[in-house]
Structure formats: C-alpha cells, structure tokens
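# Results of the structural survey
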Amino acid sequence: MFEKISEFLLPIAGKLNSNRYLQVLRDAFMLAFPLTIFGSIFVVLTNLPFLNKLLSESAIATFQSSFGIASSATMGIMSVFVVFGIGYYLSKSYDVEAIFGGAIALVSFLLLTPFVLQPETGEAVSGVIPVDRLGAKGMFLGMLTAFTSAEIYRKIVQKNFTIKMPAGVPPAVAKSFAALIPAFITLTVFLLINVLVTLAFNTNMHDVIYNAVQAPLVGLGSGIIPTLIAVFFIQILWFFGLHGQIIINSVMDPIWNTLQIENLEAYTAGKEIPHIISKPFMEIYTVGMGGTGMTLAVIIAVLLFMKSKQMKQVGKLGLAPGLFNVNEPIIFGLPIVMNPIIIVPWILAPMIVTLVTYLAMSSGLVPPPTGVTVPWTVPIFINGIMATNSIMGGVMQLVNLLIVFVIWFPFLKALDRLNVQKETEAETNQAS
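What comes next is a walk through the structure. (Residues numbered from 1 in each chain as written. Predicted model: local features only at pLDDT ≥ 70, side-chain atom pairs only at ≥ 80, totals over all residues. Heavy atoms only, no water.)

### Examining the nonpolar core
Within the largest apolar cluster, 101 residues are counted, with the highest numbers of intra-cluster contacts made by Ile86, Leu334, Trp408 and Leu412. Contact partners of Leu334, with chain neighbours within four places excluded, come to Val298, Gln310, Met311, Val314, Pro329, Ile342, Trp408, Leu412 and Leu415. (Core = buried A, V, L, I, M, F, W, Y, C linked by side-chain atoms within 4.5 Å. Buried < 20%, exposed > 50% of the residue type's maximum accessible area, 1.4 Å probe, protein only. Contact = heavy atoms within 4.5 Å.)

Written out as structure tokens, the structure reads:
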C-alpha cells in the first residue's frame, strides 16, 4: 500500500518542489522575513498588556505612535518586498541581470497602483498611495505583476533586444543601457494596461484582482477544512521523506501571509482580528511545538515511559533540538519516515490539534494570532504568548501538547515493545 501511495505522491511532490515559480515565491517571502521580524518585535513591545500599569494613557499613545512606524514600514508594505523579490529571483533563475528584474517588477506594480487617496470626506488627494495597496490588499496583484513583468523582461533580454556598449565602458553603465529597452517595453505594457482599465472601465487593477481573485482565495484559505487538508498533505509528504512544509507552504503561503497582514492591520488599528487561520497560526500551533508534527510530546513520552534503548537514545538526541522546534533527529531516528506503526498518530495528531485550536479561538477562549511574525525557533509556550499577545496562547499549546501525547502514547508503546524484543534477541545472539 505504501509503495502505491509513494508511486502516486512522489512525482507530484517532486514537480511541486522543483517548480521554478514556487521556488521563486518561497525565496521572495523569505526576503521579507527579517524585515517582518523587525516590525513584529515593535508591535509586541507597543502592545504589551501591562503598559497601562507603567505608563499614562498619553504616554502610551506617544510610545505607540513613535514606534508604530516600525510595523508600517515593514509588514505594512510587505507586498513591495515580495514584488521586488519575485522579480529579482525569477530573473536570476533565467541568468539575466536580476537587480533590474526586481526594479522593473516593482515599478510595474506601482504603475497599476492608484496614486489617489479618497478620504472619508470624499475629497481626492492626488499623488498619495493608500498604504493598504502596498500591504495585504495588493499582495496577489503584486505577485501576478512581478511574475509577468519579469517574464517579459527576461524574454526581451534573451532575444538580444538590448543596447550593447563598446568595450571599456564601466560595467554598471553597460548593464543600465542593456536594460533600457527591456525596461521600456515592459513598463509600457503595464502603463497601457493601467490606462485601459482606468479609462475604459473606470476602476483599477488592484480592485479587479482583489475582488476577482484575492478575496475568494483568501476566504477559502481561511476556512478550517482547506487548512486540515493542507496539514494532512504536509504530514503525508513528510512520512514519505519529503519536506512537506516547503512543498505545501509554497502553494499556501500567499494566502496565509495575506491573512497574517490583514490580522496585523486590524490589530494595530485596535479593531477585531478578522482571521483565525494565518501564517502564525500554522507555525505556532504546528511547527512551534517541537517541529513538524508537534513531536516534542513524542520526545517527552519516549524519555519518560519507553524502555527501548534505541528510542531512549533518539529521545536524548532529539530533546535539545526539539525545544527549538527542530525535529529531524526524531523524524529520521525514531524513525517516523516510512514507519507503518506510527503513520496514524503522525497524521491524526496535527489535524486534531489544528481543529481543537481553531474551535478554541473561534469560541473566544483563546485569542487568535495578532499577525506578528514569531521566529519559528522560539520555544513552545513563549511563542504562543508572543503570537497572541496573551498567556492563553501559551496555555493552548500546553493543552495541545497533552493531546498529542495521548494520541501518540499507545502507538509508541507498540513500537517500544517491538524494539525491546529486537534488542533482547540481539543481546541473546551476542551472548551465544
């Protein structure tokens, strides 16, 4: 059975993992990662729950307004970094000048962005970009624009429609002239698209893509059923030795990151957080509990209750990394990969924990993640508090840890008995 499933899944997973566009998308989001961490730290600091006991209302307002720009200048305009990253990495994958690919992608995106702010008064202010268009609301248009512009740019370059400078011209100057014609043609395409959409349809591409593509996809991705399906495939791919996070997240990250930014925008504005499912939800309540599959509970069970020397040794090796959410020693040492005895808890536990966490948050028992980015190596309980700005976020993780422990325990005991039997037979053979 496992061989048949493997024969079916491995080619699909291999194609997804090696897909040029998914790799570029993953790298582009990672480009924004250190910037969003910076912004998230100041979101946490400016919204600490005990600030009202240390500072007056006016002092808190001054503190938040002074340092709140750290979030606005990073996570608030995350689409800008993603667009540039896509243009850069896609151009680099084709071996054309990457820096110009990134710059052209960014300008193409800005050409489709309305430079008019319409305040509540109804008065239009020309030359002002609404910040939400550079954040969550512009994410999908930004990605589509970046991929398209980078493809146009590289095709023109590869067809040698460029200005070639004579030998002796400084490289920077030669590269700028070489990018002139490709940049002009690419940007003209997006300028004409903007003119057509604005004049003929009296709208803009941001609203078109948001209403036709982004809103439906984000609405779908924020549901518990699609999330459980994603978790299932992450686990099943890992079971066959493939990095489930990289493969599935490459597809789901645009949706989960958009949900995260919308949560952060609402949180910093003092509004109700709109989504439970988001990128921090997926990381803190799955990976953030000992690594993929929440194996910290498995390590605890092995060290406290199992008798097999092999399992004890693997548990000791996996404890320190597991505290920081690195669990390759457990995945490949227990082993979990291709081990039919523990396929059931490996797949079932994360799905049950995801569902329980979702229900706890939707009922109001636990606040949903605020949208701040927490490094995935932060230990359990601490990362839960940081993600939700509430101790209940950490308590939820401890409850989840107990759930994983209970689900895994009978299967670990079965594996333990099998290993003890093998070890006893090996010792008997050595003695004889």
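### Some words on helix H7 (residues 98-111)
Because each turn of an α-helix spans 3.6 residues, side chains separated by three or four positions in sequence point in the same direction. Between its terminal C-alpha atoms H7 stretches 20 Å, which fits the 20 Å expected from 14 residues at 1.5 Å a residue. Within the sequence span of H7, burial applies to Ala98, Gly101, Gly102, Ile104, Ala105, Ser108 and Phe109. Take H7 and look down its axis: the buried residues cluster within an arc of 165°, on one side only. (Helix = DSSP H or I, 4+ residues; strand = E, 2+ residues; numbered from the N terminus. Expected span 1.5 Å × (residues − 1). Arc of directions from axis to C-beta.)

### Some thoughts on the packing of helix H2 (residues 20-46) against helix H4 (residues 57-67)
Between H2 and H4, whose axes approach to 10 Å, the crossing angle comes to 175°. When the axis of H2 is compared with that of H4, the two are roughly antiparallel. Packed against H2, whose contacting residues are Phe42, Leu45 and Thr46, the element H4 presents Phe63, Gln64 and Phe67 at the interface. (Axes fitted to C-alpha atoms, helices over the stretch in contact; angles between N-to-C directions. Parallel < 35°, antiparallel > 145°, perpendicular 65-115°, else oblique.)

### Quick word on the packing of H2 against helix H8 (residues 139-158)
The interhelical angle for the contact between H2 and H8, taken along N-to-C directions, is 120°, at an axis separation of 12 Å. As the angle between them shows, H2 and H8 are arranged oblique. Along this stretch, H2 crosses H8, giving a crossing that reads as right-handed. The residues of H8 that touch H2, namely those facing Tyr21, Val24, Leu25 and Phe29, are Met139, Met143, Phe147 and Glu151. Considered class by class, the residues forming the contact of H2 with H8 number 7 nonpolar, no polar and 1 charged. (Left-handed = near helix turned anticlockwise from the far one by under 90°. Nonpolar A, V, L, I, M, F, W, Y, C, P; charged D, E, K, R; others polar.)

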